[in-house]
Amino acid sequence: MSSRVRLVLSVAFFFSGCSALMLQLAWQRLLLPWMGGDVGAVSLAVAVFMTGLALGGALGGWWGRRRDPRDCLRSLMVAEWCVALFSLAGLSGMRSLNAWSAVMGCPPQLGAGLLILACMLPSAMAMGVSFPMLVAALAGRDGQVASVVAPRLSAVNTLGAGAGALTIGWVIFPLWGIHNAVAVAATLNAVVAAVVWTAARSGLEDPPTETEASGPAPHAAGSAGLRQGLVFSAMLGFGSLAVEMVFLRVLGAMCKASAQTAGSLLFLYLAAMGIGALWGAKRQAVRDWPAMGRLLGLALVLGALLPAFAPVMARWLGHGEYLAGYEPLDASSAWTALLQKSAPGAAPKLIWTFLGLQWLVPLLVIFPSGFLFGLAQVRLQGLLLIEEGSSCWILGWNQFWGVVGALVGTLGVWLVGFPWLGSAGLLGLLLLLGMLWLAWFSGTRLRLAFVIAASAGLLVMPDQHELWSMVHGATVRIPRIVEDSTGVSVITEQPGSGFAFHINGIGQSWIPYGGIHTQLGALPLLLHPRPERVALIGLGSGDTLNAMLCRPETRSVVCTEIVGAQIQTLRALGRESGMEWLGAMLKDPRLELRVQDGRQMLQQEALGFDVIEMDAMRPNSAHAGVLYSSEFFQLIRSRLRPGGMAVTWLPSLRVARTLLKVFPHVAIVAGSIGLASNEPLPLASSHWQQRLASRSLQDHFWRSKVDIVAEVTAILGPHCRHEVIGADFNRESLTDLNTDAFPRDEFMLPGLWGQVPP
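These numbers were taken from a predicted model, which means no experiment stands behind them.

Student: Got a minute to help me understand helix H3 (residues 69–95) in this structure?
Tutor: One full turn of an α-helix is made of 3.6 residues, so residues set three or four places apart face in the same direction. Helix length check: H3, at 27 residues, gives a terminal C-alpha distance of 39 Å against a target of 39 Å (1.5 Å per residue), a fit within 8%. Between the side-chain oxygen of the N-cap and the backbone nitrogen of Arg70 there are 3.0 Å, and the N-cap of H3 in question is Asp68.

Structure, rendered in C-alpha cells:
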C-alpha cells in the first residue's frame, strides 16, 4: 500500500473519531426530553454506547483475523455506512417518537429506550468495528507492523474525537442545532466510507498468498500473556474513565459550568490522550510488563493528585473571588464585556477569569494524566501485538476489555463512588490504586518508597469538606456539603446576610427568602381561585416552595429536584440552624419531594395540576434548553386543569416568544415573570387582594420573615404595568424559538458570533 493511501486513510480515521464523539453527545441530547437529564438516563445512554463499542471491537477482531486487506477495507466501508444510516434512522425515529409510540401502544419513554437499542446500539457497534478492521487492512496479521500502525491510528482517532467534542458544543449546536449535528456526523461517516471504498478499489497491492499472509497463529483467548494484557486493558479503561468523571465534576463546579463546559473539558482530556498516544507511537514501544504497569500507575497518581489541588491553582492565579461568587461567567458574557468596555479594567478581568478557569487551570490539571493514559494505551497495544502476533484479533480483545473497564469505571463512579465516597474519597482511592500499581511493578527497593509516598499523599490530600470548601472559594471548611450521584450541594453562610445555596458550584437562591423566587411562587397561588394540586420544578433554597404552600386550599404539592443532594442539605440546615419553620415546611403533609427530572414527572402525571411553576435554571446552563423549549411548554399546557396556570421566569425575549407561541393567554408580569393559561388570566380581579389580606396567608409568610404584601405589591400593585396577550394575537409572526432540537438560548453565543442578543 502506498504511503499516500495510508495518509488518506489516517485522515479519514480522524474524521471517523470526530463523528463518533459528535454522535454520542448528540444522542445524549436527543434523549434528554424523553429519558430525563438525571443520572439514570445518562447512565443508560452511556452504558448502551459503550456496550456497542465493546461488542463492535470483539466482532471486528473476530471478522478481520482471516480476511485479506481488501476485504477488511470493504468491511470498514460497510461499518461506516451503518453508523451513518442507523444514526439517521434514529434521528427520524426521535422526530416521530410520539406518533409511533402511540401506534405501538407504549409510552414515549419506553419508545425512546427501544430506539436506543434499535439504532444507537448497532451504530456504536459499527464504530467499534472500525479500529481493528483498519489495522488489519494496513498490517495484516504481522504483529510487528501492527505494533507501529495501531498506535498511530489510535492517536489520530483520539485526536479526532477531541475535535468532535470541541466542535459540536462551540460551533454545530449553536449554529445548526441537534438534529443537524446528527446529519453532519452522518455525512462525515458517509464521506469516510467513500474514501475507504476508493482505497479498497485502487490503493492496495495484490492480496498476499496464504503462505505469505499466514504470520504467527492467533493465540487462544486464555493464553497467559493475553490474559495479563487484557487485565491491563480493563484497568486502563477503568482508570481513564474514573479520572475523567472526577475531572468533569470538580472542574465543572470550579468554573460554574455553562452548556459548553463539558465539551471543552472533554476536548482537553481527549487531546491530551491523543498527544500522548502520538508521542508514544513515534518512539520505541515498551517491551516489558513492569514498565507498562509503572506507566499506568503514574497516570492514576497524577489523575488523582492534580484535581485535588486544582482550587489551589485557581486561587494562586487570582480566581478566588470568582470561586466564592454566586453568578457564573460564560464566553459570550466575557466577550461582550470586552467589546462594550463598560467599566475600566472590568473586561480584562472577566476575560482572564474565563480563560483561567475554563481553559488554563483545566489544562494544567488534565494534561499530565491524559497524556500518560494516551501513552499507556498505545504502548499497551504495541506490547500486546509484539508478544501475541495476530493484529486484528488481539486489538479486538484489547478494545473489548478496555471498554468494559471504562463502562465499569463510569457507572461505578456515578452510582457507587460519588454517593458513598464523594469526589475526595474517589481521588484518594485512585491515588492508592495508582501507588499500588507502581509498587507492584517496581523493584523491592522502590516498593517501600511508594508505600510511604502513598501514605503521605493520602495525608496531604484534602478530605471531602476541605475539597469542596476550596472549590467554593472558602478559606475555612464549609459545614453543609452533600454530594451524591446527581450532584454537589453546598450552603455557604454569608456574614450578616444569611445563607447562599450552590448546586454544582453555581448560586441557586438564598435564605432569607424574598424577591423573584417568592414572587414566582406566590403569584399563581394568589390569582388561582382554588389551587388544589400544584407542581413545582426545582427546589433551590425552598423559597418558591414556601410561597406555593401558602394557601390552605392546596391539598398536594409535587416538587421535583434533579440534584437530590439539595434536599439533604436543606433538611440539614433546618435541623442545625434553629429555623424550625424550614423543617416544618419540608415535613408539610401536603408536600411530595421527588428526586426526578421535572419533565419526566409531567410526562408520567395524568391527573393534571392547577398550577405548574418552573423555578428553572439559567438559560445557558447545561441541559436548561429542555425547560425552555416549545415542546416542554406544550407538555405543561396539556397537564393544566381547566382554569390552570403555568408560571416561569423569563430570562430572555426568546423564552417569552416561545411561551407566547404555545399558550393562548399570556401575561408578562414585572418584565421577568411569565404567566400562561388556556383561559383568560384574572389579573384585574380583586380576589387576589382579599387572599393577600387573609390572616392565615400572612401568618404563613411571617414564619419565614417574608413581607408578602411588599413582595406582591412590587409586581401587582397599581403602579405596575403588565403586558397581557390574548388568543387574538397573531402568533404566526413568532419565529426564532427555543425547541428541543434547537435550544438556542442554551447554546447561542451572540457575543462571539457577532449577533445581537435576542
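On we go.
Student: It is not clear to me how the state of the cysteines should be interpreted in this structure. Could you clarify?
Tutor: Simply put, the disulfide is a covalent bond whose two ends are the sulfur atoms of two cysteines. Counted according to the given criterion, the structure contains zero disulfides. Counting only cysteine sulfurs, Cys119 is the nearest neighbor of Cys82, a cysteine outside any disulfide, at a range of 12 Å. Given a relative accessible area of 26%, Cys82 falls into the partly exposed group.

Student: I would appreciate a short explanation of helix H25 (residues 653–662) in the present structure.
Tutor: The buried fraction of H25 is high, at seven of ten residues. Here H25 has its buried residues at Arg654, Val655, Ala656, Thr658, Leu659, Leu660 and Val662. Looking at the buried residues of H25, the elements they touch are helix H24 (630–638), strand E9 (640–649), strand E10 (665–669), strand E11 (673–677), strand E12 (722–725) and helix H29 (744–747).

Student: Help me understand the nonpolar core, please; the structure alone is not making it clear to me.
Tutor: What tends to happen in soluble globular proteins is that the nonpolar side chains get buried as a cluster. If you look at the biggest cluster of nonpolar residues, it comprises 158 residues, and the most contacted ones within it are Leu73, Met94, Met254 and Phe373. At 19 residues, helix H6 (residues 143–202) tops the list of elements feeding residues into this core. Those residues in contact with Met94, other than ones at most four positions away along the chain, are Trp27, Leu30, Leu31, Trp34, Ala112 and Leu115. Residues Leu549, Ile567, Trp581 and Ile715 belong to the second largest nonpolar core, which totals 48 residues.

Student: I tried to follow the packing of H24 against H25 on my own but got confused; where do I start?
Tutor: To characterise two packed helices, one gives the angle between the axes of the helices and the distance between these axes. Interaxial distance between H24 and H25 falls to 9 Å at its minimum, and their mutual angle equals 45°. In this view, H24 runs oblique relative to H25, as classed from their interaxial angle. Between H24 and H25 the crossing geometry is right-handed. Listed contacts from H25 to Ser630, Phe633, Gln634 and Arg637 of H24 are Val655, Thr658, Leu659 and Val662. Within the contact of H24 with H25, the residues separate by chemical class into four nonpolar, three polar and one charged.

Student: Please clarify how the pattern of salt bridges should be interpreted in this entry.
Tutor: Pairs can form between side chains of opposite charge whenever their charged atoms are close. What the rule picks out here adds up to 19 salt bridges. Connected via shared salt-bridge partners are Arg654, Arg657, Asp736, Arg744 and Asp745.

Student: What is the right way to read the sheet that holds E9 from this model?
Tutor: Paired through backbone hydrogen bonds, the strands of a sheet run either parallel or antiparallel to each other. Spatially, the eight strands line up as an open sheet ordered E7-E6-E5-E8-E9-E11-E10-E12, and their pairing is mixed. Where the open sheet ends on each side, the last strands, each with one partner, are strand E7 (591–594) and E12. Strand-to-strand twist across the sheet, computed as the mean angle between neighbouring axes with direction ignored, equals 15°. Sheet analysis places strand E6 (residues 556–560) next to E7, joined by four bridges and oriented parallel. Across the sheet, the residue bridging to Thr560 is Arg594, located in E7. Here helix H19 (residues 516–527) sits on the sheet in contact with strand E5 (533–537), strand E8 (609–614), E9, E10 and E11, set at roughly 25° to E11.

Student: Sorry if this is basic, but what is going on with the packing of aromatic side chains here?
Tutor: Aromatic ring pairs are reported here in terms of the distance separating the ring centres and the angle at which the planes meet. A full pass over the atoms with the stated rule returns 19 aromatic pairs. Residues Trp393 and Trp397 carry aromatic rings whose centres are separated by 5.8 Å and whose planes lie at 80° to one another, so their mutual orientation is edge-to-face. Of this pair, Trp393 and Trp397 both sit in helix H15 (residues 391–420), four residues apart, which is roughly one turn of the helix. Look at Trp393 and you get buried, because its relative accessible area is 12%. Geometry around Phe418 places Arg249 over its ring, the cationic atom sitting 3.8 Å from the centre. Sitting over the ring of Tyr322, Lys256 keeps its end group 5.4 Å from the ring centre.

Student: It is not clear to me how the pairing of strand E1 (residues 480–484) should be interpreted in this structure. Could you clarify?
Tutor: Looking along a regular strand, one sees side chains alternate from face to face of the sheet. Most of E1 is tucked away, with five of its five residues classed as buried. Taking every second residue as pointing to the same face, both faces of E1 are buried, with Arg480, Val482 and Asp484 on one and Ile481 and Glu483 on the other. Note that E1 and strand E2 (residues 487–494) share five bridges and pair antiparallel. If you follow Ile481 over to E2, its bridge partner there is Val490. Counting the residues that bridge the hairpin from E1 to E2 gives two residues.

Student: Explain the packing of helix H16 (residues 422–440) against helix H18 (residues 464–471) to me, please; I cannot follow it from the model alone.
Tutor: Relative orientation of the contacting elements H16 and H18 amounts to 115°, with a least axis distance of 7 Å. By the angle class used here, H16 and H18 are roughly perpendicular. Every pair of crossing elements has a handedness; the one defined by H16 and H18 is right-handed. Residues Gly422, Ser423, Ala424, Gly425 and Leu427 of H16 pack against Gln464, Leu467 and Trp468 of H18. Looking at side-chain class alone, the contact of H16 with H18 contains four nonpolar, four polar and no charged residues.

Student: How should the confidence of the model for the protein be read in this particular structure?
Tutor: One rule of thumb: low pLDDT means the predicted coordinates there are not for detailed reading. Considering every residue of the protein, the mean pLDDT works out to 87; 92% of them sit at 70 or more. Within the protein, the element-level pLDDT minimum falls on helix H7 (residues 210–213), averaging 38, and the maximum on E5, averaging 97. Here residues 206–222 is a poorly scored stretch, pLDDT under 50, and it has 21 contacts once near neighbours within four places are set aside; other chains count. Per-residue pLDDT stays below 50 along residues 751–758; that stretch engages in 19 contacts with residues further than four places along the chain or on separate chains.

Student: What am I meant to see in the sheet that holds strand E3 (residues 498–503) here?
Tutor: Spatial ordering of the open sheet is given by E1-E2-E3-E4, a layout of four strands whose pairing is antiparallel. Whereas interior strands pair on both sides, the edge strands pair on one side only; in this sheet they are E1 and strand E4 (506–511). Each strand axis lies, on average, 20° off the axis of its neighbour in the sheet, ignoring direction. With four bridges joining them, E3 and E4 adopt antiparallel strand pairing. Within E4, the residue paired with His502 across the bridge is Gly507.

Student: Sorry if this is basic, but what is going on with the environment of Pro419 here?
Tutor: Within the secondary structure, Pro419 is located in helix H15. Taking relative accessible area as the criterion, Pro419 reaches 33% and is therefore assigned partly exposed. When the C-alpha atoms of Pro419 and Val482 are compared, they prove to be 9.1 Å apart, with 63 residues separating the residues in sequence. Not counting the four nearest positions on each side in its chain, Pro419 is found in contact with Val413, Trp414, Glu483, Asp484 and Ser485.

Student: Quick question: what am I supposed to make of a nonpolar patch on the surface here?
Tutor: On the surface, Leu415, Val416, Trp420, Leu421 and Leu429 cluster together into a nonpolar patch covering about 550 Å² of accessible area. Ranked by residue count, the leading element in the nonpolar patch is H15, at three residues. By secondary structure assignment, the location of Leu421 is in the loop between H15 and H16.

Student: Which parts of the structure should I look at to understand unusual backbone geometry?
Tutor: Glycine aside, a negative phi is what most residues show, and trans is what most peptide bonds show. In this structure, the amide linkage connecting Ile511 to the following residue, Pro512, adopts the cis form with an omega of 15°. You can see Pro512 is positioned in the loop between E4 and H19. Its identity as a non-glycine residue notwithstanding, Lys705 has a phi of 60°, on the positive side. Inspection of the secondary structure assignment puts Lys705 in the loop between helix H27 (695–703) and helix H28 (708–716). Its relative accessible area of 71% is what places Lys705 among the exposed residues. You will see that Asp736, though not glycine, has its phi angle at about 55°, which is positive. Position of Asp736 among the secondary structure elements: in the loop between E12 and H29. We classify Asp736 as partly exposed; its relative accessible area is 31%.

Definitions and limits used
Residues numbered from 1 in each chain as written. Predicted model: local features only at pLDDT ≥ 70, side-chain atom pairs only at ≥ 80, totals over all residues. Heavy atoms only, no water. Helix = DSSP H or I, 4+ residues; strand = E, 2+ residues; numbered from the N terminus. Expected span 1.5 Å × (residues − 1). Polar contact = N/O pair within 3.5 Å; in protein donor to acceptor, adjacent residues only side chain to side chain. Disulfide = S-S within 2.5 Å. Buried < 20%, exposed > 50% of the residue type's maximum accessible area, 1.4 Å probe, protein only. Contact = heavy atoms within 4.5 Å. Core = buried A, V, L, I, M, F, W, Y, C linked by side-chain atoms within 4.5 Å. Axes fitted to C-alpha atoms, helices over the stretch in contact; angles between N-to-C directions. Parallel < 35°, antiparallel > 145°, perpendicular 65-115°, else oblique. Left-handed = near helix turned anticlockwise from the far one by under 90°. Nonpolar A, V, L, I, M, F, W, Y, C, P; charged D, E, K, R; others polar. Salt bridge = Lys/Arg side-chain N within 4 Å of Asp/Glu carboxyl O. Pairing = 2+ DSSP bridges. Phe/Tyr/Trp six-rings, centres within 6.5 Å; stacked < 30°, edge-to-face > 60°. Lys NZ or Arg CZ within 6 Å of the ring centre and 35° of its normal. pLDDT = per-residue confidence, 0-100. Patch = residues over 30% accessible without salt bridge, like charges linked within 9 Å, V, L, I, M, F, W, Y side chains within 5 Å. Areas by Shrake-Rupley, 256 points an atom, 1.4 Å probe, with all protein chains shown as cover.

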